[in-house]
Amino acid sequence: QSEDELRQLIELGYIEDYGDDVERAIKTTKAENNFTLAKSYISGNEWEKGIAILEELHEEFPDKLHFVSRLIHTYQITGQLKKARDLVDKVKEIMPHKGVHIELLDASLLYSENKPKAALRVFERVKRDAGDFFNINLRIASALYQINELDKAKEALEDHLVVDQESERAHLLLGQILFEQ
């Protein structure tokens, strides 16, 4: 019965089927468990422990986007912008096929580096190329707000709220804009 349940999980896409490659299955499972551990440390504000695990994972699996994305984001929120920038630039070289995701990492980092106009250009390019995904209108609105383009920011927020009426961040930013106008 457990084999049938395992097969069902594989068919649903929850886990990968490694066939007879037991070594690969063990290595991947261990890496994913460590990734979950790193996220737990980060959620518990044990940044150094989480970062150390993410750095090891990125070193061992440099082509795994979810490992490097979390590492870049963690560097970013802990104020390690130089490390985040170096890593984003490196990822752009080794994973050009992950275009939109890398562009979003770059734009988010540009925003953190207090370069909202550059971030806005990237966000707008992503929207043009990939559509209204990834909360792109909210990101555009935030960048527009930071450069004091309040009317345009309000329009972007209204577009975002059509898709996500419950977005607390969007409502907060809209309130700030309306207050300033």
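The sections below set out a description of the structure shown in this document. Numbers given to residues run from 1 along each chain, matching the order in which its sequence is written. In keeping with the model being predicted, local features are shown solely for residues with a pLDDT of at least 70 and side-chain atom pairs are shown and tallied solely at 80 or more, while totals for entire chains, interfaces and linings include all residues. In computing side-chain properties, one takes all heavy atoms of the structure into account and sets aside hydrogens as well as water.

## Focus: a negative patch on the surface
Where like charges cluster on the molecular surface, the negative patch consists of E149, D151, E155, E158 and D159. In this structure, E149 sits in the loop between α8 (136-146) and α9 (150-163). Patches in this entry comprise residues that are over 30% relatively accessible and not in a salt bridge; like charges within 9 Å are linked, as are nonpolar side chains (Val, Leu, Ile, Met, Phe, Trp, Tyr) within 5 Å. All accessibility values rest on the Shrake-Rupley procedure with a 1.4 Å probe; residue burial counts only the protein chains present in the view. Put simply, a salt bridge is a Lys or Arg side-chain nitrogen that is within 4 Å of an Asp or Glu carboxyl oxygen. Counting rule applied: Lys, Arg positive; Asp, Glu negative; His and chain ends not counted. Charge placement uses NZ in Lys and CZ in Arg. For Asp and Glu, CG and CD serve respectively. Secondary structure elements are defined from DSSP: runs of H or I of at least 4 residues count as helices, runs of E of at least 2 residues count as strands, and each element is numbered from the N terminus.

## Observations regarding the packing of helix α5 (residues 81-94) against helix α6 (residues 99-112)
Packing of α5 against α6 leaves a shortest axis separation of 10 Å and a crossing angle of 155°. By the angle between their axes, α5 is roughly antiparallel relative to α6. As α5 packs across α6, the resulting crossing turns out to be left-handed. Contacts from L81, A84, R85, V88, V91 and K92 in α5 reach I102, L105, D106, L109, L110 and S112 in α6. Lines fitted to C-alpha atoms define the axes, with helix axes restricted to the stretch in contact, and inter-axis angles between N-to-C directions lie between 0 and 180 degrees. Here is the rule for angles: anything less than 35 degrees is roughly parallel, anything more than 145 is roughly antiparallel, 65 through 115 is roughly perpendicular, and the remaining ranges are oblique. Two helices cross in a left-handed way if the nearer one is turned anticlockwise from the farther one by less than a right angle. They cross in a right-handed way if the turn is clockwise. Contacts are assigned to residue pairs that have any heavy atoms within 4.5 Å of one another.

## Some thoughts on the pattern of salt bridges
In total, this model carries ten salt bridges according to the counting rule given. Two residues, D132 and K127, come together in a salt bridge whose shortest N-O distance is 3.7 Å. A relative accessible area of 27% places K127 in the partly exposed class. Connected via shared salt-bridge partners are R85, D89, K92, D106 and E113. Each residue is assigned to one of three classes by its accessible area relative to the maximum for its type, calculated with a 1.4 Å probe on protein chains only: buried under 20%, partly exposed between the two thresholds, exposed over 50%.

## Side note on the packing of aromatic side chains
Centre distance within 6.5 Å is the pairing criterion for rings of Phe, Tyr and Trp, where only the six-membered ring of Trp is used; planes under 30 degrees apart are then read as stacked, over 60 as edge-to-face, and the remainder as tilted. On inspection of all chains with the given rule, the structure shows two aromatic pairs. Ring geometry for F35 and F67: centres 5.1 Å apart, planes at 45°, overall tilted. Of this pair, F35 sits in helix α2 (residues 22-43) while F67 sits in helix α4 (residues 65-77), and the two are 32 residues apart along the sequence. This pair shows no difference in class: F35 is buried, exactly as F67 is. Geometrically, the ring pair formed by F61 and F67 is edge-to-face, given 5.8 Å between the ring centres and 70° between the ring planes. According to the relative accessible area criterion, F61 is buried, its value standing at 11%. Take F67: its relative accessible area is 1%, and that puts it in the buried class. Here a set of aromatic residues connected by ring pairs shows up, and it is made of F35, F61 and F67.

## Notes on the layout of surface pockets
In the cavity and pocket records, a cavity denotes points on a 1 Å grid over the protein atoms alone where a 1.4 Å probe fits but cannot get out, a pocket denotes an open set with protein on both sides within 12 Å along at least 5 of 7 lines, and lining residues are residues with an atom within 4 Å of a point. Grid points are joined across faces, edges and corners, and a volume is the space filled by probe spheres set on the points. In this structure, the largest pocket encloses a volume near 480 Å³. In terms of lining, the largest pocket is formed by 16 residues, of which the most central are H73, Q76, L104, S108 and R139. Going through the elements one at a time, α4, α6 and α8 are the ones with two or more residues in the lining of the largest pocket.

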